[in-house]
Amino acid sequence: MNARSQPSTGPEHYVLRLYVTGSTTRSARAIETTRQICDTYLKGRHDLEVVDLYQHPEAAAREQIVAAPTLVKVVPEPLRRVIGDLSNRERLLVSLGLHLPTAGSS
Amino acid sequence: MPIRSLDVPTAVHPLQREADELRSRLAEAEETLQAIRQGDVDAVVVSGDSGPQVYTLLNADRPYRTFVERMQEGALTLTPDGTVLFANQRLASFLGLALSNIVGRKFAQFIQAEDRKLFDTLLTGCDQDGCDQDGCDQDGCDQDGRDQDGRDQVGRDKAGGRSELGLRAADGATVPAYISMVELLDEGQHIISAIVTDLRWAKQRMRELTEANARLVTAMAERERAEELLRQAHKMEAVGQLTAGIAHDFNNLLAVLGGNLELFLTRTTDEWLRHRVEASQRAVDRGARLTKQLLAFSRHQNLRPHSISVNALLRDIEPLLRSSVGDEITLTLVLGDALAECLVDPTELQASMLNLVSNARDAMPGGGCLTITTAEAELDGPADGEPGPIRGGRYLSIAVTDNGHGMPLGVRERAFDPFFTTKDVGKGTGLGLSQVYGFMRQSGGHVAIESIIGGGTSVRLYLPRSNAPETKALKIKVPKTKQRGIKAPRTVPEPRATDVTPRSVPPARRVLVVEDDRDVRELVVEVLDSLGYASIPAESGHVALKLLDNGLAVDVVVSDVLMPDGMSGFQLAREIRRRLPRLAIVLTSGMTAIAGGGANMTPDWPILRKPYRGDDLLQAIETALDAGAVGGGIGLI
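Residues numbered from 1 in each chain as written. Chains lettered and ligands numbered in written order. Predicted model: local features only at pLDDT ≥ 70, side-chain atom pairs only at ≥ 80, totals over all residues. Heavy atoms only, no water.

Engineer: Where do I start with a nonpolar patch on the surface in this structure?
Structural biologist: Taken together, the side chains of Leu 242, Ile 246, Phe 250 and Leu 253 of chain B make up a nonpolar region of the molecular surface, amounting to roughly 400 Å² of accessible area. Inspection of the secondary structure assignment puts Ile 246 of chain B in helix H5 (residues 200-266). (Patch = residues over 30% accessible without salt bridge, like charges linked within 9 Å, V, L, I, M, F, W, Y side chains within 5 Å. Areas by Shrake-Rupley, 256 points an atom, 1.4 Å probe, with all protein chains shown as cover. Salt bridge = Lys/Arg side-chain N within 4 Å of Asp/Glu carboxyl O. Helix = DSSP H or I, 4+ residues; strand = E, 2+ residues; numbered from the N terminus.)

Here is the structure:
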């Protein structure tokens, strides 16, 4: 079974890290969308950390970050990096395995 | 959603797992490439020799750039040796230069010479090599020698700090500024980043506030001073009113005493009795002098100002002054040239001069120098040592200066207060200077004291200038006296040799006596009787007028000035003038008539001051009658 196509409705704990570079519109939207998802779908079972690569450039090496903003799902496994338009909630949900992909989405 | 509950082992085939992982990673890589292609990223991370470097794409940078460009502060980055790498437009505007003239130059040239050393210190870090925990107090310097990233700064001092300094604008002008510098590590290179705040606005505000505060403080001090002067003036005024009232009542008593004593003398030849009466008369005289001094202080004197030359007056009384001062003191007159005349009552001025000279003499018990100087003076504000408000203008000044023991500040402040004296009991009433003060103020002048302890005192009189030509050589009667001490000339003539027989007068002179005080009225009637007049008493102005209107025939009216019932002696006199223009009038007073319209007004009618001797009354009546005979006028006492 492919873990990707299995939406999670269980009590798993999520650890997420969002890598941004300072304060730009893009990073602001990424942060907002991610927070919303956490509050709606992962209430009480998530840890979200926002890391500014300007302040901590060495953190990029740890998770092999190539570009910012990037959202990393550390736990539950497998580790997944999401990059691109992070203001797209639907896409984000699918990427995090919280939603089944609907027809037409990535 | 599960399809069927097959007990499928969770251990998936290893190849399947690997395939899944590869697919996952591929998907991720494709996603990343797409995101970059679409420009959905702010920055990319590039692995460099010293770790990952974050490369920001231009547009993502914009908020920062805009912020730095638009903020109110100047921003710049410098190399460690102070060359400008970057400066924002704001800084350029502070300096009044184009950016191109700033970037690439050494920033020190845009700092005022006197602040360059300070800038240098900020730029290069602490003065000491390495950081010493105890000794280092430089801002931004981490005390154990580490920089902000925790790296050892071996062999390199930490730059940075904050300070006020002066920038040098294009035109050479100083721009007060506050600079805040910090050292950054960028790609292994040290650069200095600085924010420059323009302090001109802040300094201007500060300056304005300080000035406003100073003005406020000055205004408050002036106000306090003015209030103090006003308080002082009010106090003097109040005391003056009180004193005048007392003096007036006292004079009435003295009049009764003196008059009755005089009558007594006419009725006895007993030597012992006469001695007693004469001694009592002398006491009455002293009482009269005292009340006169009180009146002088309270500015209720009856002054007769004339236009006189102060130099002439001083020369006239010089012998008197010399005798008053004695042999051990050198008196020098320094009289100014071509002085204008002043308007003052010469008799009172003479009395004041004697007063001041004897004060000076008392300040030099072992002898010394006394100088009297006359000059013209211009006053335009409160003079030092002058109590009360002062009117500006041109004056004649007479200064009495001694080199005696001087006055301490406490004494000087109270010198003009009535009854204040530093002399022993019985040696002075403390009225002298207050008399002088009252006299000068009433004359429209001023008096000021300067004194240094151990150095001497100078009392300066300022007399108002006169606009009238000098009245023909007014000779002042100087009574001969060998006594030491203040002796004001008496306003009543020397006592004549007492005579038992009354003076002979033309027969049947009728006198209308107007006086509200019963005892005084009876006394006057008695005195007139003894002088050979027939007198008709009236207890008020109204009664007197009624008598006259009803046809009472008299030759002269003798009336007190201050009477109740709303009609003063002056008013009565005016009323009588309207009815009987040729009727002789003599006014008497225990005080200068206030009802006449101001203490400083020269009265049209002569005023005989209580207490008076019978002879004085006689003279007054006769003079008035003579003047009346000539036609309409009233003679001067």
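Engineer: Where do I start with the sheet that holds strand S16 (residues 534-538) of chain B in this structure?
Structural biologist: Backbone-to-backbone hydrogen bonds join strands into a sheet, with any given pair of strands oriented parallel or antiparallel. All names here are of chain B. Read across the sheet, five strands follow the order S16-S15-S17-S18-S19 without closing on themselves; strand pairing throughout is parallel. Looking along the sheet, the strands with just one partner apiece sit at the ends: S16 and strand S19 (607-609). Direction aside, the axes of adjacent strands within the sheet are offset by 25° on average. Relative to strand S17 (residues 556-560), strand S15 (residues 510-514) runs parallel, the two being bridged by four bridges. Bridge pairing in S17 links Val 511 to Val 556. Running at roughly 170° to S16, helix H11 (residues 518-531) makes contact with S15 and S16 of the sheet. Packing against the sheet, helix H13 (residues 569-579) makes contact with S15, S17, strand S18 (584-589) and S19, and its axis sits at approximately 175° to S18. (Pairing = 2+ DSSP bridges. Axes fitted to C-alpha atoms, helices over the stretch in contact; angles between N-to-C directions. Contact = heavy atoms within 4.5 Å.)

Engineer: Even after reading the chapter, I still don't get the packing of aromatic side chains, so can you show me in this structure?
Structural biologist: Residues and elements named next belong to chain B. Taken as a whole and assessed by the stated rule, the structure comprises five aromatic pairs over all chains. Ring geometry for Phe 107 and Phe 110: centres 6.0 Å apart, planes at 55°, overall tilted. We note that Phe 107, like Phe 110, is buried. Through a chain of ring-to-ring contacts, the aromatic side chains of Phe 107, Phe 110 and Phe 119 assemble into a single cluster. In this arrangement the basic side chain of Arg 276 is found over the ring face of Trp 272, its NZ or CZ atom lying 5.2 Å from the centre. (Phe/Tyr/Trp six-rings, centres within 6.5 Å; stacked < 30°, edge-to-face > 60°. Buried < 20%, exposed > 50% of the residue type's maximum accessible area, 1.4 Å probe, protein only. Lys NZ or Arg CZ within 6 Å of the ring centre and 35° of its normal.)

Engineer: What am I meant to see in the interface of chain A and chain B here?
Structural biologist: Contact residues are listed per partner, giving 25 residues for chain A and 17 residues for chain B. Carbon and sulfur atoms make up 50% of the surface buried where chain A meets chain B, a total of about 2,100 Å² over both sides. Among the residues of chain A in contact with chain B, Arg 26, Tyr 54 and Ile 83 of chain A are the three that bury the most area, contributing 24% of the side total. For the pair chain A and chain B, the interface holds five salt bridges. Between Glu 28 of chain B and Arg 81 of chain A there is a salt bridge, with the nearest N and O atoms lying 2.9 Å from each other. (Buried area = accessible area lost by both parts, 1.4 Å probe.)

Engineer: Help me understand the pattern of salt bridges in this model?
Structural biologist: As a working rule, side chains carrying opposite charge can pair if their charged atoms are close by. Counted according to the given criterion, the structure contains 22 salt bridges over all chains. Among the ionic pairs, Glu 228 of chain B bridges to Arg 231 of chain B, the shortest N-O distance being 2.9 Å. Of this pair, Glu 228 of chain B and Arg 231 of chain B both sit in helix H5, three residues apart, which is roughly one turn of that helix. Taking the relative accessible area as the measure of exposure, Glu 228 of chain B reaches 39% and is therefore partly exposed. Salt-bridge contacts for Asp 549 of chain B lead to Arg 579 of chain B; the nearest nitrogen and oxygen are separated by 2.8 Å. A residue pair is termed long-range when its members are at least 10 positions apart, and Asp 549 of chain B in helix H12 (residues 541-549) and Arg 579 of chain B in helix H13 qualify at 30 residues. Counted as one network, the salt bridges with shared partners bring together Arg 80, Arg 81 and Arg 91 of chain A together with Glu 28 and Glu 31 of chain B.

Engineer: How should I be thinking about the sheet that holds strand S13 (residues 446-452) of chain B in this particular structure?
Structural biologist: All names here are of chain B. If you walk across this open sheet you meet the five strands as S9-S11-S12-S14-S13, and the pairing is mixed. Where the open sheet ends on each side, the last strands, each with one partner, are strand S9 (329-335) and S13. Taken over all neighbouring pairs, the strand axes of this sheet differ in orientation by 20° on average, direction set aside. As judged from the ten bridges shared by strand S11 (residues 368-379) and strand S12 (residues 393-402), these two strands associate in the antiparallel manner. Among the inter-strand pairings, Thr 371 is bridged to a residue of S12, identified as Thr 401. Each of S13 and strand S14 (456-464) is contacted by helix H10 (residues 432-442), which is oriented at about 140° to S13, the strand it contacts most.

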